[in-house]
Amino acid sequence: MRIIVTDNYGEMSQAAARTVARQILAKQDSVLGLPTGNTPIGMYGQLIKLCSHGLISFSKVVTFNLDEYRGLSSDHPGSFYQYMRENLFDQVDIREENIHILDGIAPDTEGECRQYEEEIRRHGGIDLQVLGIGLNGHIGFNEPGSNWGSKTRLVNLSAETRRRESRNFRDPGEIPTQAITMGIRTIMRAKRILLLASGQEKAPAAKQALRGPVTEKAPASVLQLHPAVTVILDKEASSLIKPEDIHELSTMGRSD
Ligand code: GLP
């Protein structure tokens with residue numbers, strides 16, 4: 001696990017975008033696993049810029065999103081599908097048929113989850129999985145207690161997560177109680193993982209994930225077992241990590 005700390009959110013986003021860009025440049029038809037949330041918005045902005053400058057192309061890239069709210073159709077403004085359209089897909093040259101996002105209103109949820117796993121496999125697995133982290137240490141929507149053997153499945157959202165997700169909904173009655181998410185095992189099968197965290201509020205979750213005990217109670221801690229994880233934190237999110245545990249202090253223009 002390589003831990004990189006940047007000065008601020010902007011630099012974290014640039015470093016993250018460079019990591020994704022290098023993956024695409026090394027393999028044009030890369031399979032990317034993508035997250036939602038506030039954290040990756042800056043990274044997506046940087047990727048859009050690189051694409052508009054012709055430095056990278058998404059024309060052969062295949063994407064699989066981590067999760068989607070259960071009960072929301074893809075045209076619901078609060079859906080992760082809409083988030084992805086707005087923050088990335090509508091502004092890069094990705095092909096529609098290469099975008100994969102779980103269907104929040106699939107009548108057969110189990111079938112939808114099975115098919116998602118099969119599609120990932122059919123594409124040769126995820127080359128680079130980008131992750132954010134929840135305040136409670138969740139990855140995707142794998143809440144504390146999620147089984148390490150878990151695959152893509154329907155999950156209940158914790159009260160804490162629902163409170164946090166309320167930012168995406170005008171009417172509190174609309175906040176979903178469930179989501180469909182890639183499982184811990186699905187995530188751990190990615191060839192490489194890039195974990196991002198920004199801001200003071202994420203410092204405890206980052207510390208627990210990177211240096212705490214590896215336990216199902218802290219879902220992100222499982223990443224300590226993965227052979228190829230890069231973590232990019234801004235200074236605030238890294239504030240509880242010991243300086244000797246940080247591999248690279250990055251300033252703009254010279255980070256990973
Ligand atoms: C949601 C998503 C996660 C994301 C997390 C953190 O729960 N399902 O994939 O990592 O939020 O969000 P934020 O980056 O906004 O803190």
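Residues numbered from 1 in each chain as written. Predicted model: local features only at pLDDT ≥ 70, side-chain atom pairs only at ≥ 80, totals over all residues. Heavy atoms only, no water.

Undergrad: Hey, could you go over the sheet that holds strand 2 (residues 31–34) for me, with residue numbers and the actual values?
TA: Overall, parallel pairing links the eight strands, which are arranged 5-3-2-6-9-10-1-11 in an open sheet. Edge positions in the sheet fall to strand 5 (99–100) and strand 11 (248–250), since each has one partner strand and no second. In this sheet, strand 10 (residues 229–234) lies alongside strand 9 (residues 192–197) in parallel orientation, the contact comprising five bridges. Note on strand 10: the bridge partner recorded for Ala 197 is Leu 233. (Pairing = 2+ DSSP bridges. Helix = DSSP H or I, 4+ residues; strand = E, 2+ residues; numbered from the N terminus.)

Undergrad: So what about the side chain of Asn 136? Which residues, and what values?
TA: One can find Asn 136 in the loop between strand 6 (128–131) and strand 7 (153–156). By relative accessible area, which is 13% here, Asn 136 ends up buried. Sequence-distant contacts of Asn 136, that is, excluding residues within four places in its chain, are made with Glu 143, Pro 144, Ser 158, Glu 160, Thr 161 and Pro 219. (Buried < 20%, exposed > 50% of the residue type's maximum accessible area, 1.4 Å probe, protein only. Contact = heavy atoms within 4.5 Å.)

Undergrad: Which residues make up the packing of helix 1 (residues 9–26) against helix 2 (residues 41–52), and what are the values?
TA: Look at helix 1 against helix 2: their axes get within 8 Å of each other, and the N-to-C directions meet at 55°. On the basis of their axis angle, the class for helix 1 and helix 2 is oblique. Read as a crossing pair, helix 1 and helix 2 show a hand that is right-handed. For the pair formed by helix 1 and helix 2, the contact residues are Tyr 9, Ser 13, Gln 14, Ala 16, Ala 17, Val 20 and Ala 21 on the first element and Ile 41, Gly 42, Met 43, Gln 46, Leu 47 and Leu 50 on the second. (Axes fitted to C-alpha atoms, helices over the stretch in contact; angles between N-to-C directions. Parallel < 35°, antiparallel > 145°, perpendicular 65-115°, else oblique. Left-handed = near helix turned anticlockwise from the far one by under 90°.)

These figures capture arrangement, not role.
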